[in-house]
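# Secondary and tertiary structure notes
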Amino acid sequence: MLRAIITLIATLVLPYTGCSTAPSTLDSAAVAKGRRLAESPDPAGVHQRPSFARSREVKSDMVVYRLRCEYRENPLGIDQTRPRLSWQLQARVRGRRQSAYHILVADDPDRLHVGQANLWDSGKVESQQSLHVVYGGKPLASRRHCYWTVRVWDEEGRRSSWSPSAEWEMGLLRSTDWIARWIDDGCEPPAHDQDYYEDDPAPFMRRAFQIAGQVRSARLYITGLGLYESWINGTRVGDAVLDPLWTNFSKRVFYATYDVTDLIHDGENVLGVTLGNGWFNPLPMRMWGYLNLREHLTVGRPMLLAQLEIELEDGSRQIIASDEQWKTTGSPILRNNIYLGEKYDARLESPGWNQPGYDDSAWRPVSQADGVSGGLQCRPVQPIRVLGTLLPASRSEPQPGVYLFDFGQNFAGWVRLKIQGPRGASVRLRFGELKNPDGTLNVMTSVCGQIKSPGKAGPGAPAVAEQADTYILRGGDVEMYTPRFTFHGFRYVEVTGYPGVPAMDAVEGSVLGCDIDPVGSFECSSDELNRIHTMVRQTFRSNLFGVQSDCPHRERFGYGGDIVATCEAFLMDFDMSSFYPKVITDFADAARPDGGLTTTAPCVGVGSAGLTNDSGPIGWQIVHPRLLREVFRHYGDRRILEEQYETARRWIEFVRANTDGLIVNRGLSDHESLEAKPIRTTSTGFFFEGARLVSELATILGRDDDARRYAALATDIQKAFVDELCDGKVGIVENGGQAAQATALYHDLLPARYRPAVFKRLLSQLQLRDWKLSTGIFGTNYVLAVLTRMGRNDLACRIVTDTRFPGWGFMLERGATTLWEHWAFSDDVYSHNHPMFGSVDTWFYRGLAGIAPDRHAVGFDKVVFRPEPVDGVSWVRARYDSIRGPIVSDWAVRDGTFDLEIELPVGVTGEVFLPERCDLSGARESGQPLGEAACVEVVNSRHLRVASGHYRFAAPFRSPQPAYER
């Protein structure tokens, strides 16, 4: 362990030791020392060589680590018959490149240790590919467990050690592998809408079975609609909550695979399941007075599909599947709804119901259900889990017997209640984002679908569709309650009916969300910017619940426009490698027969300003091709392009067919802006972008005719835009507002001769508002990007840090901990946990830190470093853990010197653009003149090209001109 710690420190602290393609600038002793460390058994502190790889011939300093199959490490449940394998590389010497790889795959890890691969031996393959290498061995059957390892050769032909072994297991690949059947509780659905609001206990389901012998292995394949939790012998299976993730259930249903070997024993065993409503059995509430989700979603009674496969030590197999042998009864969960919450009566608990020995003679048989038309798919995305806990920051009593707990921040999740009191006492928990002036709870910004008055939401619906949980005590000892089939978006929880005065630990917040790894970090010398970044991250985390939602309370839908506005920021903050392919597929599943795409996916029937009645606004529809391009740039995923290209192509044809000419006159435009919306500019800009995107996708896939066709379409759109919407002489685009000017510049819709005048007009519009924004969902991102691109990052920083209305600083000054839906403070209408204006995080990473993928990057193999120092920010540190490894930009301005430290992983090259205020004549890298630095190519006076590795640049730096006066 000590040796591992020492080598890890050495790896992080010691500089890279030169360039593999140029003479090293370091002395030979330092090079030798670095290479000795690199060839130690474990330079990262986490790897061990398989025994068969301990060869004296191994000389490369490259280390293979973080092996992944279909984006996941050691996944259990893969339904790709030819899964893709990826790995990362680490080296101590600059400029290292993989020149070849060798993969071994076996069904027994011991085979790998002796170099025997009975499933696939790729042999030595001359290739630099380290992402998505397609398995090429023997056909993989359902349930097949695979172990694999890889070694590589560097550009000098030197071989690495074998990586530690990794593994994956196949799921159930064929429909005939499933002997399980969908089952439900046999209850008829309510006859009338108002009846849906009556108590309807969530079903318990139970199956006892006998095992005779020792268990060698056991797998549980399971899903439930809408939601489920499962136990074996009283032990919870897995730690996922609110599973399965929301999909179009008529197209696909995700199932989970669990290794439950340790939960099953000789003798009697019990598999128990509780079912919730989720998105499969929503209430018939009319959101906004008209939208009934039951009319747009695949719906039905809660139902279960489960298959437990057990192999004993004697080789015999036993399958326990959902069928008519199961029994069911009602649970203490009397009501459960995604929006309104849960009602739980602890007096109805059945201790031991999910354990052996329980008497279920009073339970009734289950019924076989019709199921759904959607195919079963192994869950490809990390599930929703409890990600952390929060303790209340304060407690108040605004009214007698009414206690308000403040968690200090807005988040998505639920509350764990600790209570002791008399049997039958009822405690109600209400949730909200704000307090009223008198200190009482304000629920109005989180009310489902603006249902805030009697009769608006249909028969039986509540007058106010607030978030609330009710717990009825069983009495006796201390009781603990956590809801199961709902979640909330809130900062405050109101507790009424509590016996006595609740202690501060009577409630505990559980933060929920898809368990997606954070991959980006940003901090700088400005506390204001750091606080905004934290606010954005907390908002993003609150809105990853199987869909990238608009808010975690009143809607929870996957709006395409919100994703378009923020996807670049999400990609820099979180590992969206499997999440965004799901989003892409969700929109494809919702595609209309004519090729149009919907406002949300899964489609819930909401939308306006679409090109047709059942399609969304063009800025919301473009999410599909936009994400395809970004997923390829960030993760190199070609398979999703191949699968989804036709959907993207049909979409751009749909737009062309439903547009009169080349100017799009319909759309939602710059949603939530403070100025008149330039509908034609924003919508035509998306048409132009869409044509370019589809052309680029076609080029990647080798569809040259399509690529030329859509490139020509983009050119025609651009010409029409300039002719009809831009007055080049005075630089006015459409209505001349901030959004119109920034949209034209951001999308490169203008000829070079028009850009200065259009940009000057943008500056004048900003100045008219005293350097404050008037933009909305799209224009906000565009303005910041354009200012940075045009050399006015000082203005972008001023806008971002301004504490006046409108802006992020204004939100912070008003106590926000997550982003608002609207620039103005709202205590009645708008959400206070809304990602839309989170596009500012893109500016943090790209505009300040300067990290961005090259436009033509494949899996972030080409990075552009363009740090832009601004007055008032003396240092910035940012890191992005790309699919290939860590990318770092760390700069500071000290004593008239600009210092920039960057890091690129093996297989990645960088274009470095030093700031204009740097004096390149005095620039150095690790103390050497730029022309003599290893692996640094001077392209021009400010443009450098670097290979992988760790670099330290320094250059004299001029003081800025007076801000805003240039």
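Note that the structure is a prediction, hence the values are computed from the model and not measured.

Across its full length, the chain carries 17 helices and 50 strands. For 966 residues, the compact-globule formula gives about 30 Å, and the C-alpha radius of gyration of the chain, at 29 Å, lands near that figure. Here the C-alpha coordinates of the chain stretch approximately 85 × 70 × 60 Å along the principal axes. The proportion of buried residues among the 966 residues of the chain is 61%. Across the chain, every contact between residues at least 6 apart in sequence was considered, and the portion connecting residues at least 24 apart equals 75%. Just so you have it, the chain exposes about 34,900 Å², and 46% of that area is on carbon and sulfur atoms. For the chain, the distance from the average site of its 107 positive side-chain charges to the average site of its 119 negative ones is 4 Å.

A cis amide bond, omega 5°, links Asp 243 with the succeeding residue Pro 244. Mapped onto the elements, Pro 244 comes out in the loop between strand S14 (235-236) and strand S15 (252-259). With a phi close to 55°, His 132 is a non-glycine residue in the positive phi region. You can see His 132 is positioned in the loop between strand S6 (125-126) and strand S7 (133-134). With phi around 45°, Glu 734 is a residue other than glycine that occupies positive phi space. Owing to a relative accessible area of 24%, Glu 734 belongs among the partly exposed residues under this scheme.

The subject of this paragraph is the sheet that holds strand S37 (residues 520-524). Here seven strands make up an open sheet; going across it, the order is S37-S42-S43-S44-S50-S46-S47 and the pairing antiparallel. The strands lining the two open edges of the sheet, one partner per strand, are S37 and strand S47 (928-929). Sheet analysis places strand S46 (residues 924-925) next to strand S50 (residues 949-956), joined by two bridges and oriented antiparallel. Bridged to Glu 925 within S50 is Phe 953.

At their nearest, the axes of helix H5 (residues 560-573) and helix H6 (residues 579-589) sit 13 Å apart, and the two run at 165° to each other. With respect to their mutual orientation, H5 and H6 come out roughly antiparallel. Seen from above, H5 lies across H6 with left-handed handedness. In this structure, H5 uses Gly 560, Ile 563, Cys 567, Phe 570 and Leu 571 to contact H6, whose residues at the interface are Tyr 580, Val 583 and Phe 587. Looking at side-chain class alone, the contact of H5 with H6 contains seven nonpolar, one polar and no charged residues.

When charged atoms on two side chains of opposite charge get close, those side chains can pair. For the structure on display, the rule yields 72 salt bridges. Taking the shortest distance from any N to any O, the salt bridge between Asp 107 and Arg 111 comes out at 3.4 Å. Residue classification places Asp 107 among the partly exposed residues on the basis of a relative accessible area of 28%. Between Glu 696 and Arg 629 there is a salt bridge, and its shortest N-O distance comes to 2.6 Å. Of this pair, Glu 696 sits in helix H10 (residues 679-700) while Arg 629 sits in helix H8 (residues 623-635); the two residues are 67 residues apart in sequence, bridging distant segments of the chain. A single burial state applies to Glu 696 and to Arg 629, both of which are buried. Several salt bridges converge on common partners, so that one network encompasses Arg 143, Arg 174, Asp 177, Arg 216, Glu 309, Glu 311, Glu 313 and Arg 317.

For the rest of this paragraph, the subject is the nonpolar core. Membership of the largest hydrophobic core comes to 229 residues, with the highest contact counts inside it found for Met 285, Phe 557, Tyr 580 and Trp 808. Broken down by element, the residue count for this core peaks at 10 residues, all from strand S29 (residues 402-419). In terms of nonpolar packing, the next biggest core, distinct from the first, is built from 27 residues, Leu 220, Val 237, Val 260 and Ile 320 among them.

Here the focus is the side chain of Thr 445. Inspection of the secondary structure assignment puts Thr 445 in the loop between strand S32 (441-442) and strand S33 (467-472). Residues within four places of Thr 445 in sequence aside, it is in contact with Glu 433, Leu 434, His 553, Arg 554, Ser 826, Asp 827, Asp 828, Val 829, Tyr 830, Ser 831 and His 832.

It is worth spelling out the packing of aromatic side chains at this point. A complete count under the given rule lists 44 aromatic pairs for this structure. For the pair Trp 279 and Phe 557, a centre-to-centre distance of 6.5 Å together with 55° between the ring planes defines the contact as tilted. With Trp 279 in the loop between strand S16 (267-276) and strand S17 (286-287) and Phe 557 in the loop between helix H4 (527-542) and H5, this pair connects stretches of sequence that are 278 residues apart. The exposure class of Phe 557 is buried, given its relative accessible area of 0%. Ring centres of Phe 686 and Phe 778 lie 4.8 Å apart, and the angle between their planes is 75°; this geometry places the pair in the edge-to-face category. Placement of Phe 686 in helix H10 and of Phe 778 in the loop between helix H13 (755-768) and helix H14 (779-789) is noted, with a sequence separation of 92 residues between them. Ring-pair connections join several aromatic residues into one group, and the members of that group are Phe 204, Trp 231, Trp 353, Tyr 358 and Trp 363. In this arrangement the basic side chain of Arg 709 is found over the ring face of Tyr 710, its NZ or CZ atom lying 5.9 Å from the centre.

Further remarks concern the sheet that holds strand S13 (residues 227-232). Here we have six strands laid out as an open sheet, ordered S14-S13-S16-S11-S21-S24, and antiparallel in their pairing. The open sheet has two edge strands, S14 and strand S24 (364-365), and neither has a second partner.

Right, let's get into the pairing of strand S9 (residues 166-170). The buried count for S9 comes to four of five residues, which makes it a mostly enclosed element. In this sheet, S9 lies alongside strand S8 (residues 145-154) in antiparallel orientation, the contact comprising four bridges. By the bridge assignment, Cys 146 is partnered in S9 with Trp 168.

Moving on: the environment of Ala 100. Within the secondary structure, Ala 100 is located in strand S4 (residues 98-106). A sequence separation of 316 residues divides Ala 100 from Arg 416, and the C-alpha atoms of the two residues are 53 Å apart.

So, on to the packing of H6 against helix H9 (residues 638-657). At their nearest, the axes of H6 and H9 sit 11 Å apart, and the two run at 25° to each other. With respect to their mutual orientation, H6 and H9 come out roughly parallel. Crossing of H6 over H9 shows left-handed handedness. Seen from H6, the contacting residues are Pro 581, Ile 584, Thr 585 and Ala 588; seen from H9, they are Ile 640, Gln 644 and Thr 647. Of the residues contributing to the contact of H6 with H9, the split by class is four nonpolar, three polar and no charged.

Glancing now at the environment of Glu 324. Within the secondary structure, Glu 324 is located in the loop between strand S20 (317-321) and strand S21 (327-330). For the pair Glu 324 and Val 366, spaced 42 residues apart in the sequence, the C-alpha separation amounts to 5.8 Å. Here Glu 324 is in contact with Val 366 and Gln 368, once residues within four sequence places are set aside.

Another point: H6. Burial runs high along H6: 11 of the 11 residues are buried. When H6 is considered as a whole, its buried residues turn out to be Phe 579, Tyr 580, Pro 581, Lys 582, Val 583, Ile 584, Thr 585, Asp 586, Phe 587, Ala 588 and Asp 589. For H6, the secondary structure elements touched by its buried residues are S15, strand S36 (507-514), H5, H8 and H9.

With that settled, consider the state of the cysteines. Under the criterion given, the structure shown has zero disulfides. With no disulfide of its own, Cys 448 lies closest to Cys 551 among cysteine sulfurs, the gap being 9.4 Å. Exposure remark for Cys 448: the relative accessible area of 2% places this residue in the buried category. Considering cysteine sulfurs only, Cys 514 is the nearest to Cys 567, which forms no disulfide, with 17 Å between them.

This brings us to helix H17 (residues 840-849). Judged by how many residues are buried, H17 sits mostly within the fold: nine of 10 residues are covered. Every buried residue of H17 is accounted for by Val 840, Asp 841, Thr 842, Trp 843, Phe 844, Tyr 845, Gly 847, Leu 848 and Ala 849. Looking one or two residues past H17, Gly 850 carries a phi angle of roughly 85°, positive in sign.

Let's shift gears to the confidence of the model for the chain. On average, residues of the chain score 93 in pLDDT, and 93% of them reach the 70 mark or higher. Counting interchain partners and residues more than four positions distant, the pLDDT-below-50 stretch residues 1-17 has 34 contacts. Below pLDDT 50 for its whole length, residues 21-55 participates in 74 contacts with residues either more than four positions away or in separate chains.

Calculation notes
- Residues numbered from 1 in each chain as written.
- Predicted model: local features only at pLDDT ≥ 70, side-chain atom pairs only at ≥ 80, totals over all residues.
- Heavy atoms only, no water.
- Helix = DSSP H or I, 4+ residues; strand = E, 2+ residues; numbered from the N terminus.
- Rg over C-alpha atoms; globule rule 2.2 N^0.38 Å.
- Buried < 20%, exposed > 50% of the residue type's maximum accessible area, 1.4 Å probe, protein only.
- Contact = heavy atoms within 4.5 Å.
- Areas by Shrake-Rupley, 256 points an atom, 1.4 Å probe, with all protein chains shown as cover.
- Lys, Arg positive; Asp, Glu negative; His and termini not counted.
- Charge placed at Lys NZ, Arg CZ, Asp CG, Glu CD.
- Pairing = 2+ DSSP bridges.
- Axes fitted to C-alpha atoms, helices over the stretch in contact; angles between N-to-C directions.
- Parallel < 35°, antiparallel > 145°, perpendicular 65-115°, else oblique.
- Left-handed = near helix turned anticlockwise from the far one by under 90°.
- Nonpolar A, V, L, I, M, F, W, Y, C, P; charged D, E, K, R; others polar.
- Salt bridge = Lys/Arg side-chain N within 4 Å of Asp/Glu carboxyl O.
- Core = buried A, V, L, I, M, F, W, Y, C linked by side-chain atoms within 4.5 Å.
- Phe/Tyr/Trp six-rings, centres within 6.5 Å; stacked < 30°, edge-to-face > 60°.
- Lys NZ or Arg CZ within 6 Å of the ring centre and 35° of its normal.
- Disulfide = S-S within 2.5 Å.
- pLDDT = per-residue confidence, 0-100.

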